[in-house]
Amino acid sequence: MEYVSRVPRPPLDGLIDDLYYLEGAPPYARLTLPASPAALLIVNLGAPFRIRACTDIETVEYADGCVITTSTRALEFGYPPRTWSVGVHFKPWGLAPFLPMPAAELCDRPVTVEQVWGRPAIAELRDRLATADGPHEMLTLLEEELRRRLGEPAGLGLVRHTSSIIAATSGAVAIDDLRVSAGVSSTHLAQRFKELIGVTPKRLARSYRFVATVFAINPAEPIDWADLAGGAGYFDQAHFGHEFRAFTGLTPTRYVEDRRRFLREHPGHALDSWPLPAD
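### Quick notes on the overall build of the protein chain
Part 1 of the reasoning: Along the backbone of the protein chain there are ten helices and ten strands.
Part 2 of the reasoning: Taken over C-alpha atoms, the radius of gyration comes to 19 Å for the protein chain, in line with the 19 Å a tight globule of 279 residues would show.
Part 3 of the reasoning: With the C-alpha coordinates aligned to their principal axes, the bounding extent of the protein chain is approximately 55 × 50 × 35 Å.
Part 4 of the reasoning: Classification of the 279 residues of the protein chain by burial places 50% in the buried group.
Part 5 of the reasoning: Put simply, 72% of the contacts in the protein chain that link residues at least 6 apart link residues at least 24 apart.

### Some details on helix H9 (residues 237–248)
Part 1 of the reasoning: Across its twelve residues, H9 extends 16 Å between first and last C-alpha, which sits within 8% of the 16 Å expected from 1.5 Å per residue.
Part 2 of the reasoning: Three or more residues of H9 are buried, namely His239, Phe240, Gly241, Glu243, Phe244, Phe247 and Thr248.
Part 3 of the reasoning: Lining the buried residues of H9 we find strand E3 (30–33), helix H7 (201–215), helix H8 (225–231) and helix H10 (252–265).
Part 4 of the reasoning: The N-cap residue of H9 is Asp236: its side-chain oxygen and the backbone nitrogen of Ala238 are 3.2 Å apart.
Part 5 of the reasoning: Directly after H9, the chain includes Gly249, whose backbone phi takes a positive value near 80°.

### Some details on the layout of surface pockets
Part 1 of the reasoning: Estimates place the volume of the largest pocket at around 890 Å³.
Part 2 of the reasoning: Every residue lining the largest pocket is counted, 38 residues in all, and those nearest its centre are Leu33, Ser36, Ala38, His89 and Trp274.
Part 3 of the reasoning: Of all the elements in the fold, those that place two or more residues in the lining of the largest pocket are strand E2 (16–24), E3, strand E4 (39–44), strand E8 (75–78), strand E9 (83–90) and H7.
Part 4 of the reasoning: Counted by class, the lining of the largest pocket contains 27 nonpolar, eight polar and three charged residues.

### Looking at unusual backbone geometry
Part 1 of the reasoning: The step from Pro10 to Pro11 runs through a cis peptide bond, and the omega angle for that step is 5°.
Part 2 of the reasoning: Secondary-structure assignment places Pro11 in the loop between strand E1 (2–6) and E2.
Part 3 of the reasoning: The phi torsion at Asp108 lies on the positive side, around 60°, for a residue other than glycine.
Part 4 of the reasoning: Here Asp108 lies in the loop between E9 and helix H1 (113–117).

### Let's talk about the environment of Glu137
Part 1 of the reasoning: By secondary structure assignment, the location of Glu137 is in helix H3 (residues 135–149).
Part 2 of the reasoning: Residue classification places Glu137 among the partly exposed positions, given a relative accessible area of 37%.
Part 3 of the reasoning: For the pair Glu137 and Thr253, spaced 116 residues apart in sequence, the C-alpha separation works out to 42 Å.

### Remarks on the pattern of salt bridges
Part 1 of the reasoning: Scanning the entire structure with this criterion turns up 18 salt bridges.
Part 2 of the reasoning: Residue Glu145 pairs with Arg149 through a salt bridge whose shortest N-O separation is 2.7 Å. Of this pair, Glu145 and Arg149 both sit in helix H3, four residues apart, roughly one helical turn.
Part 3 of the reasoning: According to the relative accessible area criterion, Glu145 is buried, its value standing at 5%.
Part 4 of the reasoning: In this structure, Glu265 and Arg261 form a salt bridge, with 3.3 Å as the shortest nitrogen-oxygen distance. Remark: Arg261 and Glu265 occur in helix H10; sequence separation between them is four residues, near one turn of the helix.
Part 5 of the reasoning: Under the relative-accessibility criterion, Glu265 is labelled partly exposed at 40%.
Part 6 of the reasoning: A residue is classified by how much of its surface remains accessible, and Arg261, at 21% relative accessible area, is partly exposed.

So, how was this worked out
- Residues numbered from 1 in each chain as written.
- Predicted model: local features only at pLDDT ≥ 70, side-chain atom pairs only at ≥ 80, totals over all residues.
- Heavy atoms only, no water.
- Helix = DSSP H or I, 4+ residues; strand = E, 2+ residues; numbered from the N terminus.
- Rg over C-alpha atoms; globule rule 2.2 N^0.38 Å.
- Buried < 20%, exposed > 50% of the residue type's maximum accessible area, 1.4 Å probe, protein only.
- Contact = heavy atoms within 4.5 Å.
- Expected span 1.5 Å × (residues − 1).
- Polar contact = N/O pair within 3.5 Å; in protein donor to acceptor, adjacent residues only side chain to side chain.
- 1 Å grid on protein atoms, 1.4 Å probe; cavity = no way out; pocket = protein on both sides within 12 Å on 5 of 7 lines; lining within 4 Å.
- Points joined across faces, edges and corners; volume = space filled by probe spheres on them.
- Nonpolar A, V, L, I, M, F, W, Y, C, P; charged D, E, K, R; others polar.
- Salt bridge = Lys/Arg side-chain N within 4 Å of Asp/Glu carboxyl O.

Pasting the structure below:
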């Protein structure tokens, strides 16, 4: 599987972690994507893929791609035998300048790119991407499209500044202190976060703390779960286990088993960082 990634130029770099190109046979027909602070846009160029919220039964098919705001639960991706797409990993606040609706309307409800940008626009973009001369030109075209659509929603400066502090502390910051520092009420801050990110500041902090804790796990070594939970600031191991199930749909031990399976069956794979086999 070919994976090409790069950071966009300013000012998009303040909204986006990276632009990426993905093509080839996925390591598994189904992959679980745990909830995380990031938002995601995928422009699909190959056969349709499917997404199922891990607590739901039905899957939904996406032909032109999808838009996903900061999620609160895991998603399951069902891939065709070969996948071909370009996409954007946004910072939590980064998707808002490209949305015509409040982010809260999309929370845990992935939508097609057509629903966000319209059918003519996405059809034209997909045509240009499909005929581009290789991954790097495709990412340049995607960056140009994002730059053209860049907006400045109300409250973005407040949400970006506050979220950046949450990110820098891996969620270990008192939200009320951030509210006082910003000089706004708790209600105002929560409303702006839900409008631009889709979740409240407290929920975003939970996401950052969980992701930081999970990335600290080395699946190749024995894990002291109690020590890990305590070091991450969870009340106890039970609290940590509850968060694990909320964000991944799995117990901590099952998560590590799946990570080890991925490492064993696909060492060094381009996707070996966050997705998990769902088979």
